[in-house]
Amino acid sequence: QKEVEQDPGPLSVPEGAIVSLNCTYSNSAFQYFMWYRQYSRKGPELLMYTYSSGNKEDGRFTAQVDKSSKYISLFIRDSQPSDSATYLCAMSVPGNQFYFGTGTSLTVIP
Amino acid sequence: DVKVTQSSRYLVKRTGEKVFLECVQDMDHENMFWYRQDPGLGLRLIYFSYDVKMKEKGDIPEGYSVSREKKERFSLILESASTNQTSMYLCASRNRGGGQPQHFGDGTRLSIL
């Protein structure tokens, strides 16, 4: 079983839709959770960074962590064509290596 | 803002060549990482370094080596390039401690012919 599971999509939504991206994980020791956005032919860019359970909001983006279910989500409100990218989840145990999902490809159609 | 710079965006080399990929970060980060990214496989860790002159093998170190002579620079070396090393190579850095996130460069798309 992989440490981190992420549905690869692709996901296609109309402009203005609410997007939900998700990852599940198996290691209950993970404490730090991240979402990265990767545009085509570019490196991953840190989008959201959270510690332990709960929600974090930044503009149109909300990250949720449910440690009891080993499930994390990224919500994008009022999605824009510029949000079209691959989204990677990542998580870590302090002082140890990171584990990444394989990424979900998102297209927002104008 | 953190800046991680990879020396080449695109590189084409021939099998058997020795290939050097360079990465420089400007935030005085202790930890640096090299990954390769392939469709369907995601990011796979090749090597990482906790500090200058320190290196640790990741999940797929075979056929690669690294060098970290200065804190800001981390080099990945393909000793004798093979076609199965054609990939996107990503460098990342982070501050030591806790769960500090990694910051990535824009990658080097390497083709081995």
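Refer to the structure presented above.
Residues numbered from 1 in each chain as written. Chains lettered and ligands numbered in written order. Predicted model: local features only at pLDDT ≥ 70, side-chain atom pairs only at ≥ 80, totals over all residues. Heavy atoms only, no water.

(A) Spotlight on the pattern of salt bridges. Under the counting rule described, the total for this entry stands at 11 salt bridges over all chains. For Asp106(B), the salt bridge is made with Lys42(A), and the minimal N-O distance between the two is 3.2 Å. Placement of Asp106(B) in the loop between strand E10 (103-104) and strand E11 (108-112) and of Lys42(A) in the loop between strand E4 (32-38) and strand E5 (45-51) is noted, with the two residues assigned to different chains. Here Arg77(A) and Glu57(A) are joined by a salt bridge, their closest N and O atoms 3.4 Å apart. Linking Arg77(A) in the loop between strand E8 (71-76) and strand E9 (85-92) with Glu57(A) in strand E6 (residues 54-58), this pair joins segments that are 20 residues apart in sequence. Exposure remark for Glu57(A): the relative accessible area of 58% places this residue in the exposed category. Salt bridges here are not isolated pairs; linked through shared partners, they connect Asp28(B), Glu30(B), Lys71(B) and Arg96(B). (Salt bridge = Lys/Arg side-chain N within 4 Å of Asp/Glu carboxyl O. Helix = DSSP H or I, 4+ residues; strand = E, 2+ residues; numbered from the N terminus. Buried < 20%, exposed > 50% of the residue type's maximum accessible area, 1.4 Å probe, protein only.)

(B) Highlighting the sheet that holds strand E3 (residues 19-25) of chain A. All names here are of chain A. Spatially, the five strands line up as an open sheet ordered E1-E3-E8-E7-E6, and their pairing is antiparallel. Looking at strand neighbours, the two that pair on one side only are strand E1 (4-6) and E6, the edges of this open sheet. Sheet twist, expressed as the mean angle between neighbouring strand axes with direction ignored, is 15°. The pairing of E3 with E8 spans six bridges and is classified as antiparallel. Each residue of the ladder has a partner; that of Val-19, found in E8, is Ile-76. (Pairing = 2+ DSSP bridges. Axes fitted to C-alpha atoms, helices over the stretch in contact; angles between N-to-C directions.)

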